[in-house]
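# Tertiary structure, described
Chain by chain, the residues run as shown.
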Amino acid sequence: MRQHWADLLAWGLILLYIAVFFWLAMLRHLSFNSSGFDLGIYDQVTWNTLHGRWFFYTTTGQPTLHFSNHVSPNLLLVALFYLIHSGPETLLLLQPVAIALGGLPLFWLARRELASDFAALTVLLAYLLFPTLQIVNLWDFHPPVLSVGFFMFAFYFLVQGRLGWFVLCTLLAMLGKEQLALQAAFLGGYAIIRYRYWWAGGLTIVLALAWFFFVMLWLIPTYSVVNEHLFLGYYADLGDSPAEIVLTAFTRPDLVLANLWQPEKLRYLFDVLTPFAYYPLAGLPVLLIGAPSFAINLLSANSAMHDATGGQYGADVAPWLAWATLYGLLY
């Protein structure tokens, strides 16, 4: 028992996290404070998917496929859990489970790299106590939150050189929402630049970018009630199409910097970096893997996306803040 005290404590913290945040989410739901946007939407989409009406929903008043809004194929996996219990309670449980289990690879790698059980537990605690992730658990349900755990395991398998598992977890992670494919592509690029894993990184990049442009240029416009992504308007100052927005982000640094240099966006950076004591900045090469998610949140005209104290959007950057914290401690 003394030899495995750190493992037992790590598992204890993870199970405690799951229990506490599932309990809090359920209290919120049972006291009629949960919302049709988005818990009701995803409960209906998941139930319909399980019963053969894949991704169909009527929650917005116009019967259509959820592809008109977002593309989250990971709901096919979520639907399997509805075989056990069909209802929003399942969704509210899956979120803290995905986040908490993502702490396991962080603990394992931190213990190896830092050569200290105590230090590894400290990094795990910083991740579990990250306020933005805690808020996500109490903000109904959102499929991208499940990608937190997959991205955490994907990075761990990359460092371990277990490339098959790395590719699998990365691809599963990008199925949480359409823009996460860009995140997967950056992770593939890191695999090539840092470890020279050409086939794994290259395959990840090709599949991720192919999926991103297929979804943004065909799938969503096909089912959208406005023939384009409903939320492209958040980035109207950068372009009118996904390709133009991405191109402008890379070729017009002056425009990007002017967009970023706003008090509320600087506050967002303060709010996500402070809980990790700014160590992610010392682990900048790893933090840059999260550049697409940071850019999507910070460049958006939707203030909720760069508010670390509310909404679900902070989940996308959490894995890279946690991993960069570990590598910041090493550097």
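Our structure's up above, just so we're on the same page.
Note that the structure is a prediction, hence the values are computed from the model and not measured.

What counts as what
Residues numbered from 1 in each chain as written. Predicted model: local features only at pLDDT ≥ 70, side-chain atom pairs only at ≥ 80, totals over all residues. Heavy atoms only, no water. Helix = DSSP H or I, 4+ residues; strand = E, 2+ residues; numbered from the N terminus. Contact = heavy atoms within 4.5 Å. Axes fitted to C-alpha atoms, helices over the stretch in contact; angles between N-to-C directions. Parallel < 35°, antiparallel > 145°, perpendicular 65-115°, else oblique. Nonpolar A, V, L, I, M, F, W, Y, C, P; charged D, E, K, R; others polar. Left-handed = near helix turned anticlockwise from the far one by under 90°. Core = buried A, V, L, I, M, F, W, Y, C linked by side-chain atoms within 4.5 Å. Buried < 20%, exposed > 50% of the residue type's maximum accessible area, 1.4 Å probe, protein only. Phe/Tyr/Trp six-rings, centres within 6.5 Å; stacked < 30°, edge-to-face > 60°.

Attention now moves to the side chain of Asn302. Within the fold, Asn302 resides in the loop between helix H17 (291-298) and helix H18 (318-330). Non-local contacts of Asn302, meaning those with residues more than four positions away in its chain, are made with Tyr234 and Tyr313.

Once that is clear, we can look at the packing of helix H2 (residues 36-50) against helix H4 (residues 88-101). The N-to-C vectors of H2 and H4 enclose an angle of 105 degrees; their axes lie 9 Å apart at closest approach. Relative to H4, the element H2 is oriented roughly perpendicular. When H2 is examined against H4, the residues Leu39, Tyr42, Asp43 and Thr46 are found in contact with a partner set consisting of Pro88, Leu91 and Leu92. Split by residue class, the contact of H2 with H4 holds five nonpolar, one polar and one charged.

What follows deals with the packing of helix H8 (residues 146-160) against helix H9 (residues 163-174). The interhelical angle for the contact between H8 and H9, taken along N-to-C directions, is 160 degrees, at an axis separation of 8 Å. Our classification of the angle between H8 and H9 gives roughly antiparallel. The two elements H8 and H9 meet at a crossing, and its hand is left-handed. In this structure, H8 contributes Ser147, Phe150, Phe151, Phe153, Ala154, Phe157 and Leu158 to the contact, and H9 contributes Leu163, Trp165, Phe166, Cys169, Thr170, Leu172 and Ala173. Counted by class, the contact of H8 with H9 contains twelve nonpolar, two polar and no charged residues.

Right, let's talk about the nonpolar core for a bit. In terms of nonpolar packing, the biggest core is built from 64 residues, with Tyr127, Phe155, Phe166, Leu187, Leu321 and Trp323 touching the most fellow members. Looking at this core element by element, the count peaks at nine residues for H8. Here Trp323 is in contact with Pro105, Leu106, Leu109, Phe151, Met152, Phe155, Tyr156 and Val286, once residues within four sequence places are set aside. Counting residues in hydrophobic clusters, the runner-up holds 40 residues, among them Met26, Leu65, Ala185 and Phe212.

This brings us to unusual backbone geometry. Here the residue pair Phe37 and Asp38 is connected by a cis peptide bond, since its omega of 25 degrees sits within 30 degrees of zero. By the secondary structure assignment, Asp38 is in helix H2. Phi is positive for Phe55, close to 60 degrees, though the residue is something other than glycine. Tracing the chain through its elements places Phe55 in the loop between H2 and strand S1 (56-57). Of note in the backbone geometry, Tyr278 takes a positive phi value of approximately 65 degrees without being a glycine. Mapped onto the fold, Tyr278 is located in the loop between helix H14 (263-273) and helix H15 (279-282). Of the residues examined, Tyr278 reaches a relative accessible area of 35% and is grouped as partly exposed.

So, about the packing of aromatic side chains. Within this structure, the stated rule accounts for 21 aromatic pairs. With centroids separated by 5.6 Å and ring planes inclined at 55 degrees, the aromatic side chains of Trp108 and Tyr156 adopt a geometry described as tilted. With Trp108 in helix H5 (residues 103-114) and Tyr156 in helix H8, this residue pair connects regions lying 48 residues apart in the sequence. The buried category is assigned to Tyr156, whose relative accessible area is 10%.

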